[in-house]
Amino acid sequence: MEPKDMVKALREDMKLNRREFCDYFNIPYRTVQDWECGKRVMPDYVLRLLEYKIRMDQMLVEQNGKQEEKVRYRLKDSTKRDLLIRNMQQQDYEEVYALWSSCDGIGMNEMDDSESGIVRFLLRNPKTCFIAEIDGKVIGTILAGQDGRRGYIYHLVVEKQYRGRGIAKELVRCAVLALEKLGIQKAALVVFSDNEKGNIFWEKVGFTIRDDLTYRNKMTRNV
C-alpha cells in the first residue's frame, strides 16, 4: 500500500474526517491533505507514532472503564425505578450525541463535540464525566473537566420525559464530588442568557452569577 493510501486508511479506520483527524493528532490540515494527495510523503516513523498513540489512547480508555465510578439512584417518582450513574466511556458517544442533539439549550460545535473531540476530553477527564442510564438507555449526561486550578462543567442534559425527578441534581453532585477528589475547589460553567429553565436550575444548586465578569473566547487557529 502506498504511503498516501495508508494515511487515508488509518483515518477511515478511526471514522474521522480530515479535520477531526488533524485535531486528534494535532497535525496541520495542509500537511495531512498533502500526504493523502501524494504531494508529500509521510515518513514511516510518523505512521508508527500515530498508531502508537491510538493504541495508548485505547488502553487508557479501557483502564478507566475498569475503574469507573458507579452510583445507584432510586427515581423520585411513583415508578421507583433504579437509575445508574456511571463514568462516560468512548463507546457511549453515539447515544450521548443523539441525546444532546434532541435537547434545546445545548451549545454544540463540530470540533469540540465530534467523536474525536469528546474522546480527547474523556482521556483528559476520565473520572469527572458521567451518564445516567435506565435499563441500559442513556437518559442524562454531564461533562466536567479541570485545568488543575478550576473545574468546568458542560452539557448537563436529561431527557425530557425524565426531568423533574432529581436526576440533573444527582449528575451535578457526582461531577462536583469527582472534581473535589482531584483537589478542585471551585467549578464554573456557561449558560445561554435566554435559557430561563437552565439558569433557574443552576441558581438552585448553588452556581451564582458573576456580574463583574465578561465572557470572551477566540479560536486558537486564528492567532
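Residues numbered from 1 in each chain as written. Predicted model: local features only at pLDDT ≥ 70, side-chain atom pairs only at ≥ 80, totals over all residues. Heavy atoms only, no water.

(A) Fine view of the packing of helix 2 (residues 18-25) against helix 3 (residues 29-37). At a closest axis distance of 9 Å, the pairing of helix 2 and helix 3 adopts a crossing angle of 120 degrees. Of the possible angle classes, the one that applies to helix 2 and helix 3 is oblique. By crossing handedness, the relation of helix 2 to helix 3 is classed as right-handed. Facing Arg18, Arg19, Phe21 and Cys22 of helix 2, the residues of helix 3 in contact are Tyr29, Val32, Gln33 and Glu36. A class-by-class count of the residues in the contact of helix 2 with helix 3 yields 4 nonpolar, 1 polar and 3 charged. (Axes fitted to C-alpha atoms, helices over the stretch in contact; angles between N-to-C directions. Helix = DSSP H or I, 4+ residues; strand = E, 2+ residues; numbered from the N terminus. Parallel < 35°, antiparallel > 145°, perpendicular 65-115°, else oblique. Left-handed = near helix turned anticlockwise from the far one by under 90°. Contact = heavy atoms within 4.5 Å. Nonpolar A, V, L, I, M, F, W, Y, C, P; charged D, E, K, R; others polar.)

(B) Examining the environment of alanine 9 more closely. Within the secondary structure layout, alanine 9 lies in helix 1 (residues 3-13). Taking relative accessible area as the criterion, alanine 9 reaches 24% and is therefore assigned partly exposed. Between the C-alpha atom of alanine 9 and that of glutamine 58, which follows or precedes it by 49 residues, the distance is 18 Å. (Buried < 20%, exposed > 50% of the residue type's maximum accessible area, 1.4 Å probe, protein only.)

(C) Local environment of the packing of aromatic side chains. Going through the model one piece at a time under the given rule, you end up with 6 aromatic pairs. Taking the centre distance of 5.0 Å and the plane angle of 75 degrees together, the rings of tryptophan 202 and phenylalanine 207 count as edge-to-face. Here phenylalanine 207 falls in the buried class, since its relative accessible area comes to 18%. The rings of Phe21, Tyr24 and Phe25 are connected pair by pair, giving a single aromatic cluster. The lysine or arginine in question, lysine 53, covers the ring of tyrosine 24, its NZ or CZ lying 5.0 Å from the ring centre. (Phe/Tyr/Trp six-rings, centres within 6.5 Å; stacked < 30°, edge-to-face > 60°. Lys NZ or Arg CZ within 6 Å of the ring centre and 35° of its normal.)

(D) Up close: unusual backbone geometry. With a phi close to 55 degrees, aspartate 135 is a non-glycine residue in the positive phi region. Tracing the backbone through its elements, the reader meets aspartate 135 in the loop between strand 3 (130-134) and strand 4 (137-146). Aspartate 135 sits in the exposed class, given a relative accessible area of 68%. Even without being glycine, histidine 155 reaches a positive phi, approximately 50 degrees. Relative to the assigned elements, histidine 155 resides in strand 5 (residues 151-158). Judged by relative accessible area, which is 12%, histidine 155 ranks as buried.

(E) The arrangement of the side chain of aspartate 92 in detail. Relative to the assigned elements, aspartate 92 resides in the loop between strand 2 (82-87) and helix 5 (93-101). At 2.8 Å, the side chain of aspartate 92 and the side chain of arginine 86 are in polar contact. Of the polar contacts made by the side chain of aspartate 92, one reaches the backbone nitrogen of glutamine 89; its length is 2.7 Å. Each residue touching aspartate 92, except ones within four places of it in the same chain, is listed here: Arg86, Asn87 and Ile131. (Polar contact = N/O pair within 3.5 Å; in protein donor to acceptor, adjacent residues only side chain to side chain.)

(F) Main features of the nonpolar core. Membership of the largest hydrophobic core comes to 23 residues, with the highest contact counts inside it found for Phe130, Ile142, Ile167 and Leu171. The set of elements that each furnish at least two residues to this core consists of strand 2, strand 3, strand 4, strand 5 and helix 7 (167-181). Element by element, the count of residues in this core is highest for helix 7, at 8 residues. The next biggest cluster of nonpolar side chains, apart from the first, holds 17 residues, and it includes Leu10, Cys22, Leu50 and Leu123. (Core = buried A, V, L, I, M, F, W, Y, C linked by side-chain atoms within 4.5 Å.)

(G) Seen up close, helix 2. Burial runs high along helix 2: 6 of the 8 residues are buried. Among all positions in helix 2, only Arg18, Glu20, Phe21, Cys22, Tyr24 and Phe25 are buried. The N-capping residue of helix 2, defined by a side-chain oxygen 3.1 Å from the backbone nitrogen of arginine 19, is asparagine 17.

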